[in-house]
Amino acid sequence: MPSTDTAGLSRAELATLAADAFVYGFPLVYDLRQIARFTGEGVGGLPPTPLNVFGHATALAGPQDTFVSINNDTVYSIANVSTAAGPVRLDIPDTAGRYYVMQFVDAWTNNFAYIGHRATGTLPGAYLLVAPGWDGMPPEGVTVIEFPTTVATIVGRWAVDGESDLPAVRALQNALHLMPTAAAPDLPAPAPGVPEDLRFFEELRVGIRAFPPADRDRRYQRRYEPLGLLDADTPYTDLDPERASALREGLAVGKERLETAATHGSAPRQNGWNLTYHLFDYNLDFFGVGALDDPHWKLPDDPDRYLLRAGAARAGLWGNHGYEAAYAVAFTDGDDRPLHGSHRYEVRFTEPPPCGAFWSLTMYDTPDFFLVENPIGRYSLGDRTPGLRTVDGALTVVVQHDEPTDPQRRANWLPTPAGPFRPMLRIYEPRDAVFDGSYQPPPIVRVE
């Protein structure tokens, strides 16, 4: 039977606990919603794709791809994999030195394994993807990757050097194979009859039962028992009015807290940039192939970690660890003034960001963090963008909404939306100089 015990908590205490639960559970709920979206309707250039099958984009992402902070540097191949019915074999082709990464993300958004240029090289490989606790024997020459949760997402990214390079990438996509041993069961579904404004808690309850987190998190989430989140059956179809009101109030507070975390995080700042190099370091427990089990890449084990995790999911779901790709984002210029399309800006790179692969600067709107339609169809630029103009080796990026009339400025133009915007600097396979501070992203300078 559903629990009605509120452990003697007052209405205000229940609301506070509900706000905390929203922050704790947001990554799981948001992740499962995106998995359902991919399997049910697809996202932009990625078609609807069932579990245990790769969906391939055939072009670089654009404004039609409404996914938070989607990149415009690589073509995606994404698979949502279920190991609940048995192991799934993954075969990777030889990319002949081309940069690619297969990033493994569990249901709680932990990055737990990597295959690719940095992690395993670019030769072909065979892997067996297995459920938590699997103790079978893999075939000879096949590497086991154990999932922390029975469902996880493989976010594949292939470097593309312009439109003419797309056929070569499509050939690689076609050589990427998943082979399940049995049909995948459906994703767990929330109970019917739950009021829409309480559906989040029902989705979280179902997700917790289907995808238990690490032991440390299981101990932590016991505090949410008074909310019904650990109940076997839904308690949310017939709540007494006061308890329902407390949950709604907590949900509103939690959402506000999350938006603040997503836009005003505690990341170090340089020249107006938020250095989110350690944004995805909340995984403390699961380290498979290519994932670094290193204290430098682990956040402290305290409740703040859950807020950071929620903010990372909200602003950059399925983003890489910093050692794979370092991200810096800006909401303000170098003088700490909010970025807005009514002004004109410049970013002068006297030296390129140091990296082992490539770098880019991508433009997003706020608060959705989507790519923005513009007259030249340019959503990012970087060291692989043809036609950029440099002076004495320095690249000045022109950041503004209206189209420049000067040909040199237009060549280096990264269009902004008319309103607020948030650019992101990505550095793939960053060098140590990115992390030790000897390289700093140049400020965004307002010129008009």
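Source: prediction; values computed, not measured. (Residues numbered from 1 in each chain as written. Predicted model: local features only at pLDDT ≥ 70, side-chain atom pairs only at ≥ 80, totals over all residues. Heavy atoms only, no water.)

### Section: helix 5 (residues 241–263)
Look at helix 5: 34 Å from first C-alpha to last across 23 residues, which is about the 33 Å you get at 1.5 Å a residue. Residues of helix 5 that are buried: Arg-243, Ala-244, Ala-246, Leu-247, Gly-250, Leu-251, Gly-254, Leu-258, Ala-261 and Ala-262. Where helix 5 is buried, its residues touch helix 1 (11–40), helix 3 (199–210) and helix 6 (304–316). Where helix 5 begins, the side chain of Asp-240 points an oxygen toward the backbone nitrogen of Glu-242, at a separation of 3.1 Å. (Helix = DSSP H or I, 4+ residues; strand = E, 2+ residues; numbered from the N terminus. Expected span 1.5 Å × (residues − 1). Buried < 20%, exposed > 50% of the residue type's maximum accessible area, 1.4 Å probe, protein only. Contact = heavy atoms within 4.5 Å. Polar contact = N/O pair within 3.5 Å; in protein donor to acceptor, adjacent residues only side chain to side chain.)

### Looking at the sheet that holds strand 1 (residues 54–56)
Spatial ordering of the open sheet is given by 1-2-8-4-5, a layout of five strands whose pairing is antiparallel. Each edge of the sheet is formed by a strand with only one pairing partner; in this case those strands are strand 1 and strand 5 (111–116). Going from strand to strand, the sheet's axes swing by 20° on average, the running direction of each strand aside. As paired strands, strand 2 (residues 74–82) and strand 8 (residues 151–159) are joined by nine bridges and run antiparallel to one another. When the sheet's bridge partners are listed, Ile-78 is paired in strand 8 with Val-155. Those strands touched by helix 1 are strand 2, strand 4 (100–106) and strand 8, and its axis lies near 105° from that of strand 2. Helix 2 (residues 166–174) rests against strand 1, strand 2 and strand 8 of the sheet, and its axis sits at about 15° to strand 2. (Pairing = 2+ DSSP bridges. Axes fitted to C-alpha atoms, helices over the stretch in contact; angles between N-to-C directions.)

### Re the environment of Val-372
Here Val-372 shows up in the loop between strand 14 (359–365) and strand 15 (380–382). Between the C-alpha atom of Val-372 and that of His-177, which follows or precedes it by 195 residues, the distance is 33 Å. Not counting residues within four places of it along the chain, the set of residues in contact with Val-372 comprises Pro-63, Met-363, Tyr-364, Asp-365, Tyr-379 and Pro-417.

### Some words on the UniProt feature "domain: DUF1214" (unreviewed entry) in the protein chain
When the UniProt feature table is mapped onto this chain numbering, "domain: DUF1214" (unreviewed entry) sits at residues 324–431. Annotated as 5% helix and 37% strand, the span residues 324–431 places its first and last C-alpha atoms 10 Å apart. (UniProt positions renumbered as here; feature names shortened; annotations may be inferred.)

### Some words on the pairing of strand 8
Most of strand 8 is tucked away: nine of the nine residues are buried. As defined by bridge partners, strand 4 adjoins strand 8 across seven bridges and the pair is classed as antiparallel. Its bridge partner lying in strand 8, Met-102 is registered against Gly-156.

### Thoughts on the packing of helix 1 against helix 5
Direction vectors running N to C along helix 1 and helix 5 enclose 45°, while the axes themselves pass 7 Å from each other. Relative to helix 5, helix 1 is oriented oblique. Where helix 1 crosses over helix 5, the two elements pack in a sense that is right-handed. Of the residues belonging to the contact of helix 1 with helix 5, the class tally is 12 nonpolar, three polar and seven charged. (Parallel < 35°, antiparallel > 145°, perpendicular 65-115°, else oblique. Left-handed = near helix turned anticlockwise from the far one by under 90°. Nonpolar A, V, L, I, M, F, W, Y, C, P; charged D, E, K, R; others polar.)

### A closer look at the UniProt feature "domain: DUF1254" (unreviewed entry) in the protein chain
Following the UniProt record, one finds the feature "domain: DUF1254" (unreviewed entry) at residues 52–180. Helix makes up 7% of residues 52–180 and strand 41%. Its end C-alpha atoms lie 7 Å apart.

### Side note on helix 3
Between its first and last C-alpha atoms helix 3 spans 16 Å; for 12 residues at 1.5 Å apiece the expected length is 16 Å, and the two agree. All of the buried residues in helix 3 are Phe-200, Phe-201, Glu-202, Glu-203, Leu-204, Arg-205, Val-206, Gly-207 and Ile-208. Lining the buried residues of helix 3 we find helix 1, helix 4 (215–221) and helix 5.

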